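# Working through the structure, step by step
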Amino acid sequence: MNKIVDVEYERPATCDTRHAWASIPEEPDQERRAELKHLIREALRARNAVLVSHYYVHPDLQDLAEETGGLVADSLEMARFGKRHAATTLVVAGVRFMGETAKILSNDKTVLMPELDANCSLDLGCPVEAFSTFCDAHPDRTVVVYANTSAAVKARSDWVVTSSCAVDIVRHLHQQGQKILWAPDKHLGQYVQSQTGADMLLWRGSCVVHDEFKVQELAALKAQHPDARVLVHPESPAEVIALADMVGSTSGILKAAATLPARTFIVATDNGMMHKLRRLNPDKTFLEAPTAGSSATCRSCAHCPWMAMNGLENLLAVLQDGMNRVEVPAGLAARARVPIERMLDFTAGQGGASGLVPHIGAA
Ligand code: 13P
Ligand code: SF4
């Protein structure tokens, strides 16, 4: 039986709190896991399909993606990989905006997702009608949106960015004298503003996972581990970022863990990242940054409820029956493709975004 989780998120345009749900599959037992993995490998081959997975999904799906010639990556690399790959079917294990981006960039391919209802609080908190009204009120501003948005919001934008290239792209626009309208993540927006000095008007959305990291508890953990380095995803609150030794996207966090001269790291991002971090750095210790203080709720478990919707059973089901196709109407896709391609061209011109933001915090 799936576990149904109620998730509270902010809807900034109407200043209210809404509820969404996530349906989290039960873990199969060892025998069924092995059987499912075997069947998935065969089904991927039979369909000429490739599995593209985000770092936050279940370790089994991450491992399968790599074993079968697919990819485990951040949202920027996922988009680039899917577009270039020769497979005729892309299976995206992540959340809805990642599937939509894959479809927008690869209209000729079939794009499947284990769960089409795997959403994101940033996407849910930025409905296109309210967002368009916001844009219409500020026609003098260049519209920059985070990839964690719907196809319709992307289509209303001038630029799409991910956390691995947001600082570089906004800096570039600022150097050209442009003023920015930014959506939807307020913490990432504030961070980008602090790094670039750009004039940015912010939509005030947040990520239900990263918004929960707690500064006092993080400071206490840091005091217990004085040699540890703190790695923070920039969707976290500013006071948490202020304690970071490095701020960056999921790929940036991986690079920092491999290169910074420390044995212990405190990591403020979804704990799905721990699988890859520990696998690639078996001699290092990774601690989860605290989320809950004394008021633990499901919301503060440091794991995205929508990423958790991806499992082996629903992955096999979509490969077998071809259901859960991501569709984006052609006209909308054509408009949304422009700002996404702009981001891909910009980052390709830089040799690909590093994911690393050279921020040295209070350490
Ligand atoms: P990345 O762009 O770092 O993969 O982050 C996507 C995301 O949803 C983080 O919460
Ligand atoms: Fe969205 Fe946060 Fe989940 Fe990332 S972790 S997909 S930003 S809700």
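For the structure, check the block above.
Procedures and definitions
Numbering of residues begins from 1 in every chain and follows the order in which that chain's sequence is written. Chain letters start at A and ligand numbers start at 1, both assigned in the order the entries are written. In keeping with the predicted nature of the model, local features appear solely for residues at pLDDT of at least 70, side-chain atom pairs appear and are counted solely at 80 or more, and the whole-chain, interface and lining totals rest on all residues. Excluding hydrogens and water, the side-chain values take into account all heavy atoms of the structure. Numbering of helices and strands runs from the N terminus; a helix is a DSSP stretch of H or I covering at least four residues, while a strand is a stretch of E covering at least two. Residue exposure (1.4 Å probe, protein chains only): buried if accessible area is under 20% of the type maximum, exposed if over 50%, otherwise partly exposed. The contact criterion used throughout is that any non-hydrogen atoms of two residues lie within 4.5 Å. With residues, only the protein chains shown are counted as cover, and all accessible areas are computed by Shrake-Rupley using a 1.4 Å probe. The criterion for a residue being near a molecule or strand is simple. One of its heavy atoms has to lie within 4 Å of it. Polar contact is the term for a pair of N or O atoms within 3.5 Å; when the atoms are in protein, one must be able to donate a hydrogen and the other to accept it, and sequence-neighboring residues count only if both atoms are side-chain atoms. When residues are sorted by character, Ala, Val, Leu, Ile, Met, Phe, Trp, Tyr, Cys and Pro go into the nonpolar class, Asp, Glu, Lys and Arg into the charged class, and all the rest, Gly among them, into the polar class. The rule for pairing is simple: two strands pair if DSSP sees at least two bridges between them. Whenever a helix is involved, its axis is fitted only over the stretch in contact; in every case the axis is a line through C-alpha atoms, and angles between N-to-C directions fall within 0 to 180 degrees.

With that out of the way, let us pick up the overall build of the chain. When you go through the chain residue by residue, the secondary structure sums to 15 helices and 15 strands. A principal-axis box enclosing the C-alpha atoms of the chain has dimensions of 55 × 50 × 40 Å. Counting all 363 residues of the chain, 58% fall into the buried class. Counting contacts in the chain only where the partners sit at least 6 residues apart, residues at least 24 apart contribute 65% of the total. Of the roughly 14,600 Å² of accessible surface on the chain, a fraction of 51% belongs to carbon and sulfur atoms.

Turning next to the site of ligand 1. By nearness alone, every residue bordering ligand 1 is listed as His54, Tyr56, Asp74, Ser75, Tyr146, Asn148, Ser163, His210, His233, Glu235, Ser249 and Thr250. One of the side-chain N or O atoms of Ser75 is found 2.7 Å from an oxygen atom in ligand 1. One of the side-chain N or O atoms of Ser163 is found 3.0 Å from an oxygen atom in ligand 1. Computed on the free molecule, ligand 1 has an accessible area of 300 Å², of which 96% lies beneath the protein chains in the complex. A class-by-class count of the residues in the shell around ligand 1 yields 2 nonpolar, 8 polar and 2 charged.

Moving on to the sheet that holds strand β4 (residues 71-73). Strands sit in the order β4-β3-β5-β6 across an open sheet of 4 strands; the sheet is parallel. Each end of this open sheet is capped by a strand with a single partner; those strands are β4 and β6 (110-112). Shown here is a sheet whose adjacent strand axes are inclined to one another by a mean of 20°, direction ignored. With 5 bridges joining them, strand β3 (residues 49-54) and strand β5 (residues 89-93) adopt parallel strand pairing. In the sheet register, Ala49 faces β5, and the bridge partner there is Thr89.

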